[in-house]
Amino acid sequence: MRKLSEFIPTYNDFPRKGISFKDVLQVVQEPEIFRDLILKMSSNQIIKDSEAIISIDARGFIFGSAIAFQTSKPMICARKPGKLPGLIIEQNYELEYGENTISIQKKALKNYNNFSIVDDLIATGGTAKSVSDLLVKEGKNVTGLLTVVELNNLKGRDKFKFPVHSELRI
Ligand code: AMP
């Protein structure tokens, strides 16, 4: 059986010098690998324990929505600033250079207490941390963070007290 790692190529010095970019989107071009991945992620306890999935802009939406479809759970999008209409809640976070903001529609959270977070990749963990901080500020519980890839050397998982699972740790 072919391994997930074969379908996640690395591009050195992209998008900037010094970054080893993992092209997770290649997985979606391989229907059988993508299907196996989604079935595996969907059966993770982090998803099972949650009432709703929060997926992170933008690649997180691809994996999050497939898991939502498979599990019949609602999916809520955490988006970059200026993208969501209506009343939103926001959280700033640090990037390697500068900072960014993540936003969620307030009304999307109101019917649930337990949320899983889905993204394509954990690097420093800063993006997912901003989403979990936002949820905690709203009085919500996070069942865990589930991703396709995790960059071990950056120790992003150390930022979280809840379960973190990645299908490929490299
Ligand atoms: P971080 O907040 O540092 O955990 O970064 C996570 C986000 O940045 C994810 O949503 C990824 O899509 C993207 N990202 C960070 N580093 C990489 C990388 N080396 N390869 C691909 N995507 C990355």
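In what follows, the structure referred to is the one given above.
Calculation rules
Residue positions are given per chain, counting from 1 as you read along its sequence in written order. Owing to the predicted nature of the model, reporting of local features is limited to residues with pLDDT of at least 70; listing and counting of side-chain atom pairs is limited to 80 or more, with chain, interface and lining totals taken over all residues. Heavy atoms throughout the structure, all of them, feed into the side-chain values; hydrogens and water do not. Neighbouring residues are identified by heavy atoms, a residue being near a molecule or strand if any of them is within 4 Å of it. Here a polar contact is taken to be a pair of N or O atoms separated by no more than 3.5 Å, where protein atoms must pair a possible hydrogen donor with a possible acceptor and residues adjacent in sequence count only if both atoms sit in side chains. Accessible surface area values rest on a Shrake-Rupley calculation with a 1.4 Å probe, where residue burial reflects the displayed protein chains alone. The helix and strand labels rest on DSSP assignments: H or I over at least four residues marks a helix, E over at least two residues marks a strand, and numbering proceeds from the N terminus. Note on residue classes: Ala, Val, Leu, Ile, Met, Phe, Trp, Tyr, Cys and Pro are nonpolar, Asp, Glu, Lys and Arg are charged, and everything else, Gly too, is polar. Think of it this way: a Phe, Tyr or Trp ring, Trp meaning its six-membered ring, pairs with another when their centres are within 6.5 Å, and the plane angle makes it stacked under 30 degrees, edge-to-face over 60, tilted otherwise. In this scheme, a residue with accessible area under 20% of its type's maximum is buried, one over 50% is exposed, and one in between is partly exposed, where area comes from a 1.4 Å probe on protein chains only. The contact criterion used is simple: two residues touch if any of their non-hydrogen atoms lie within 4.5 Å.

To continue, consider the site of the ligand. In the neighbourhood of the ligand, 14 residues make up the surrounding shell, with Arg59, Asp119, Thr124, Gly125 and Thr127 lying closest. Ser20 places a polar main-chain atom, nitrogen or oxygen, 2.9 Å from a nitrogen atom of the ligand. A distance of 3.4 Å separates an oxygen atom of the ligand from a polar backbone atom of Gly126. Summarising the interface, the protein chains cover 82% of the accessible area of the ligand, which totals 480 Å² for the free molecule. Elements with a minimum of two residues in the shell around the ligand: β2 (20-22), β7 (114-122) and α5 (126-137). If you tally residues by element for the shell around the ligand, the top one is β7, at four residues. Here the shell around the ligand is composed, by residue class, of five nonpolar, five polar and four charged.

This part takes up the packing of aromatic side chains. Inspection of the entire model under this criterion finds four aromatic pairs. Ring centres of Tyr112 and Phe115 lie 6.2 Å apart, and the angle between their planes is 90°; this geometry places the pair in the edge-to-face category. Residue class for Tyr112 comes out partly exposed when judged on its relative accessible area of 22%. Its relative accessible area of 0% is what places Phe115 among the buried residues. On the basis of an interplanar angle of 35° and a centroid distance of 5.2 Å, the ring pair of Phe160 and Phe162 is categorised as tilted. For Phe160, a relative accessible area of 9% corresponds to the buried category.

Mapped onto the elements, Glu167 comes out in strand β9 (residues 164-169). The residues contacting Glu167, other than those within four sequence positions of it, are Leu4, Leu37, Lys40, Met41, Leu146, Thr147 and Val148.

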